[in-house]
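An overview of the molecular structure
One letter stands for each residue in the lines below.
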Amino acid sequence: MTLLLMAAGSGSRYGKLKQFDDLGPNGEFLMEFAIYDAIQNDFEQIVVITKKENVAFLEEHLSGRLPKHIKLNVLAQELTDLPSGVTFEGERKKPWGTAHAVWTARNVINGPFVVINADDFYGQAAYKKAAEFMKTNESAYALLGYTLQDTLSEHGSVSRGVCEVNGDNLISVQERLKLIKVDDDIIDEDTNLKFNGTEQASMNFWVCRPSIFNKIESAFRVFLNDEDRIANSELYLPFMIQEMLQAKEIEVKCIPSGGDWFGVTYASDKEKAMESLQNKTKEGQYVSPLWN
């Protein structure tokens with residue numbers, strides 16, 4: 001089983017590269033807690049997708065900490081990584097998107113894998129449930145969901161994918177771009193829709209299969225021939241999975257994570273994140289230092 005961490009963002013709202021901020025009690029990155037939790041649940045491979053200029057740093061940082069039996073791949077997401085026979089000669093500053101970030105790992109992953117954001121904390125229960133799912137299910141995808149009201153920020157609006165489910169089957173994920181708590185309601189300022197907070201939300205904790213790579217490549221080829229999208233649009237992983245789901249190419253389960261989530265969207269979220277990691281370490285959920 002593989003854990004793929006997406007760590008190629010720029011941290012525009014946070015003000016710095018939050019993936020490499022020292023949030024743990026001993027200066028650990030937030031992603032190190034995700035890696036630790038995965039290893040505790042029998043994951044054997046760690047893949048990190050980052051910017052080219054960060055590859056050497058992350059390889060050195062992580063290889064000196066991880067157990068020797070863990071396979072580590074640190075890969076660069078690059079604009080020049082295109083499907084065979086395709087060229088791009090235009091100008092573009094931002095990467096191709098989260099789906100392309102996952103596609104970057106197509107040559108190093110050959111089994112089921114979990115995809116997460118490197119700057120989010122997902123809780124130990126999520127990795128246990130994901131591991132159990134991959135061990136007992138041979139083909140379905142899955143989304144580990146979180147209760148919407150537990151995923152908001154005190155410091156501003158957030159973007160969340162709100163899930164529609166039928167039993168344990170995921171029907172769709174609708175992106176709500178400006179969710180904020182107002183009195184007893186959660187309101188999407190972009191659409192004025194209200195939510196009660198008990199809905200399952202996607203925090204981009206996906207269980208995927210290698211079949212996703214072919215889907216992304218096919219969509220990427222179409223994308224690169226669309227002049228209206230190629231300049232500034234991106235390919236998003238949730239959209240790829242939803243397209244496969246709606247076409248009945250895959251089955252996707254929605255699994256309540258059973259744990260807590262927190263992220264560092266804004267710089268003001270940092271203090272709360274550090275306090276939470278400190279408390280979890282004091283409670284014995286994590287050893288200190290994290291790596292011996």
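Residues numbered from 1 in each chain as written. Predicted model: local features only at pLDDT ≥ 70, side-chain atom pairs only at ≥ 80, totals over all residues. Heavy atoms only, no water.

Next up on the list: the pairing of strand 9 (residues 185-188). Here four bridges tie strand 8 (residues 169-182) to strand 9, and the two strands are oriented antiparallel to one another. Its bridge partner lying in strand 9, Leu-179 is registered against Asp-188. Of the strand pairs in this sheet, strand 9 and strand 10 (residues 194-195) are connected by two bridges, and their pairing is antiparallel. Bridging across to strand 10, Ile-187 finds its partner in Lys-194. Between strand 9 and the antiparallel strand that follows it, strand 10, lie five residues; Asn-192 among them carries a positive phi value of about 70°. (Pairing = 2+ DSSP bridges. Helix = DSSP H or I, 4+ residues; strand = E, 2+ residues; numbered from the N terminus.)

Inspection of the secondary structure puts Asn-192 in the loop between strand 9 and strand 10. Accessibility expressed as a relative area gives 61% for Asn-192, which makes it exposed. Once the C-alpha coordinates of Asn-192 and Val-55 are considered, the two residues, 137 residues apart in sequence, prove to be 42 Å apart. (Buried < 20%, exposed > 50% of the residue type's maximum accessible area, 1.4 Å probe, protein only.)

Turning our attention to unusual backbone geometry. Residue Ser-288 is joined to Pro-289 through a cis peptide bond whose omega torsion reads 0°. Structurally, the position occupied by Pro-289 is in the segment after helix 8 (270-282). Non-glycine residue Lys-248 carries a positive phi angle of around 60°. Structurally, Lys-248 can be placed in the loop between helix 7 (237-246) and strand 12 (252-256).

A complete count under the given rule lists zero disulfides for this structure. In this model Cys-208 remains outside any disulfide bridge; the closest cysteine sulfur is found in Cys-254, 14 Å from its own. Residue Cys-254 stays outside any disulfide, its sulfur separated by 4.7 Å from that of Cys-163, the closest cysteine. (Disulfide = S-S within 2.5 Å.)

Next up on the list: the pairing of strand 1 (residues 2-7). Working note: regular strand, side chains alternate between the two faces of the sheet. Where burial is concerned, most of strand 1 is hidden: six out of the six residues are buried. Here strand 1 shows no split at all, with Thr-2, Leu-4 and Met-6 on one side and Leu-3, Leu-5 and Ala-7 on the other all buried. Sheet analysis places strand 1 next to strand 2 (residues 45-50), joined by six bridges and oriented parallel. Residue pairing across strands places Met-6 opposite Ile-49, the latter belonging to strand 2. Bridging between strand 1 and strand 4 (residues 113-117) involves five bridges; their strand directions are parallel. Looking at the pairing, Leu-4 lines up with Val-115 of strand 4.

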